[in-house]
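# Survey of secondary and tertiary structure
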Amino acid sequence: MKLGIVGLPNVGKSTLFNAITNAGAEVANYAFCTINPNVGMVTVPDERLDYLAELYQPKKKTPAVIEFVDIAGLVKGASKGEGLGNKFLSNIRVTDAIVHVVRCFDDENVIHVEGATDPARDIAIIDLELILADMEMVERRVEKAAKAGKGGDKAYLHEAEVFRALLEHLNEGKSARTFGCAPEDRALIETADLLSSKPIIYAANLDEATFSAGYADCAYYQQVCAIAEAEGSQVLPICAKVEQELGELEPEERALFLEELGITESGLDRLIRCSYSLLGLISFLTCGSDECRAWTIRRGTKAPQAAGKIHSDFERGFIRAEIVAFDALKACGGMTAAKEKGLVRSEGKDYVMQDGDVTLFRFNV
């Protein structure tokens, strides 16, 4: 999973990126400090994997990972190349989802590229640049489909019709992800890899005082929540500075700090949960003396395709999957006891994988 961290300059993107990846990206109080995208890999905490590793004592423990890309600050005109905008937009295109950092605090010592804090305006600026960039792509798609459909091909004619309707929607300043259409048309639109169709998590970046005191009544935060609710996105209240401090602490000190703040999870843990929920992702687990590993798949994935995540031969020669729910395995104290109690099931090609399935794939090629 690859998440792109975007936002206007000086809203806390690189501070947040540093905090969650410890990658040491440059942080400075001026626009375009980040020119090339910084990339950091973060392991996904999973107590189930920790338990299996303790049980099997494998040579290797491999958690799932998320790749974070810190993309330089966008400004008005980015879709036309302002502020190296085209390059930044291309960096967004290769991500699975967007973490849009929105400044929700006032600080006269940190300049705002637009002069003052206004989350709704800031979100609108980024959205508009993504929409404008998409309009050019959609126009080309309409022309291409219309040309291919001149001979009467109904599939191409329908494609042109769908993208024309989408173009009208974008022209009204609305993002592709809010375009209402049939599931098959949505699948067609997704082939265009549009920027404004990507799922979004709004990271509402609060100052430490507001975050610690409770942010529900913060007017800036409420603005972000209202926008997210209207478009079906998610909001993650966060304080980038607090996260940076957490990242510098040892595990025991971190737990005490979180307790003092009255929260149970770090921003990174909450961001990971948001990401999995937003993208409809789950994890299944494999275990043995060589390796215990967590594998990330989309909810609804069937067993053969899950096997293909491990190796294409596993999918090609799939016979069956031997599966036990993690909770059942843990309750039994291990795989052998789970088998003795009949809790290990043999599942075929139509089985839909569930979160926490501990799995052994049988295949033959």
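This report concerns the structure included in the present document. (Residues numbered from 1 in each chain as written. Predicted model: local features only at pLDDT ≥ 70, side-chain atom pairs only at ≥ 80, totals over all residues. Heavy atoms only, no water.)

## As for the packing of aromatic side chains
Using the following cut-off: Only Phe, Tyr and Trp rings are paired, with Trp represented by its six-membered ring, and only when their centres lie within 6.5 Å; those with planes under 30 degrees apart are stacked, over 60 edge-to-face, the remainder tilted. For every residue, the accessible area (1.4 Å probe, protein chains only) is compared with the maximum for its type, and the residue is labelled buried under 20%, exposed over 50%, or partly exposed between those bounds. As a reminder, the over-ring test applies to NZ of lysine and CZ of arginine, requiring each to be within 6 Å of the ring centre and within 35 degrees of the ring normal.
Enumeration according to the criterion identifies 7 aromatic pairs in this entry. Between Phe211 and Tyr215 the ring centres are 5.8 Å apart and the planes differ by 15 degrees, which places this aromatic pair in the stacked class. Ring plane angle 70 degrees and centroid distance 5.1 Å describe the contact between Tyr215 and Tyr221, whose orientation is recorded as edge-to-face. Residue classification places Tyr221 among the buried positions, given a relative accessible area of 12%. Through a chain of ring-to-ring contacts, the aromatic side chains of Phe284, Trp295, Phe318 and Phe361 assemble into a single cluster. Sitting over the face of the ring of Trp295, Arg293 holds its NZ or CZ atom 3.9 Å from the ring centroid.

## What to know about the side chain of Glu243
We apply this condition: Helix numbering and strand numbering both begin at the N terminus, where a helix is a DSSP run of H or I of at least 4 residues and a strand a DSSP run of E of at least 2. Side-chain atoms alone can form a polar contact between residues adjacent in sequence; in general such a contact is a pair of N or O atoms within 3.5 Å, and within protein one must be able to donate a hydrogen while the other accepts it.
Mapped onto the secondary structure, Glu243 falls in helix H9 (residues 240-247). Within the structure, the side chain of Glu243 is placed 3.0 Å from the backbone nitrogen of Gly267, a separation counted as a polar contact.

## Describing the pairing of strand S8 (residues 281-286)
In regular strands, side chains alternate between the two faces of the sheet. Rules: A pair of strands is labelled paired if DSSP reports no fewer than 2 bridges between them.
Summarising burial for S8: 6 of the 6 residues are buried, a large majority. As judged from the 6 bridges shared by S8 and strand S9 (residues 291-298), these two strands associate in the antiparallel manner. Across the sheet, residue Ser283 finds its bridge partner in S9, namely Thr296. Joining the antiparallel neighbours S8 and S9 is a turn of 4 residues.

## Points about a nonpolar patch on the surface
Where we set the bar: Only residues whose relative accessible area exceeds 30% and that form no salt bridge enter a patch; like-charged residues are grouped when within 9 Å of one another, and nonpolar side chains (Val, Leu, Ile, Met, Phe, Trp, Tyr) when within 5 Å. In short, Shrake-Rupley with a 1.4 Å probe defines the accessible areas, and a residue's cover is counted only from the protein chains shown. Between Lys or Arg on one side and Asp or Glu on the other, a salt bridge is scored when a side-chain nitrogen of the former is within 4 Å of a carboxyl oxygen of the latter.
On the surface, Val39, Met41 and Val65 cluster together into a nonpolar patch covering about 260 Å² of accessible area. Judged by relative accessible area, Val65 falls into the partly exposed class, the value being 37%.

## A short note on the pattern of salt bridges
Scanning the entire structure with this criterion turns up 18 salt bridges. Here Asp127 and Arg177 are joined by a salt bridge, their closest N and O atoms 3.6 Å apart. Of this pair, Asp127 sits in helix H4 (residues 119-148) while Arg177 sits in the loop between helix H5 (154-171) and helix H6 (183-190); the two residues are 50 residues apart in sequence, bridging distant segments of the chain. Of the residues examined, Asp127 reaches a relative accessible area of 14% and is grouped as buried. Of the charged contacts, one joins Glu322 and Arg320 as a salt bridge, the two residues approaching to 3.3 Å between their closest N and O atoms. Judged by relative accessible area, which is 32%, Arg320 ranks as partly exposed.

## Some remarks on the packing of H5 against H6
Definition in use: Here the axes come from fitting lines to C-alpha atoms, over the contacting stretch only for helices, and the angles between their N-to-C directions go from 0 to 180 degrees. Every angle not falling under 35 degrees, over 145, or within 65 to 115 is termed oblique; those three ranges are roughly parallel, roughly antiparallel and roughly perpendicular. Should any heavy atoms of two residues lie within 4.5 Å, those residues are counted as being in contact. Residues are grouped as follows: nonpolar covers Ala, Val, Leu, Ile, Met, Phe, Trp, Tyr, Cys and Pro; charged covers Asp, Glu, Lys and Arg; every other residue, Gly included, is treated as polar.
Running from N to C, H5 and H6 point in directions that differ by 80 degrees, and their axes come no closer than 11 Å. As far as their axial angle goes, H6 and H5 are roughly perpendicular. Across from His158, Glu159, Val162, Phe163 and Leu166 in H5, the residues of H6 making contact are Asp185, Leu188 and Ile189. Considering only residue class, the contact of H5 with H6 consists of 5 nonpolar, 1 polar and 2 charged.

## Points about the sheet that holds strand S6 (residues 200-205)
Taken together, 6 strands build an open sheet; the order of strands is S2-S4-S1-S5-S6-S7 and the sheet is mixed. Strands with a single pairing partner mark the edges of an open sheet, and in this sheet they are strand S2 (38-43) and strand S7 (234-238). Each strand axis lies, on average, 25 degrees off the axis of its neighbour in the sheet, ignoring direction. Across 6 bridges, the pairing between strand S5 (residues 97-103) and S6 is parallel. Of the residues in S6, the one forming a bridge with Arg103 is Asn205.

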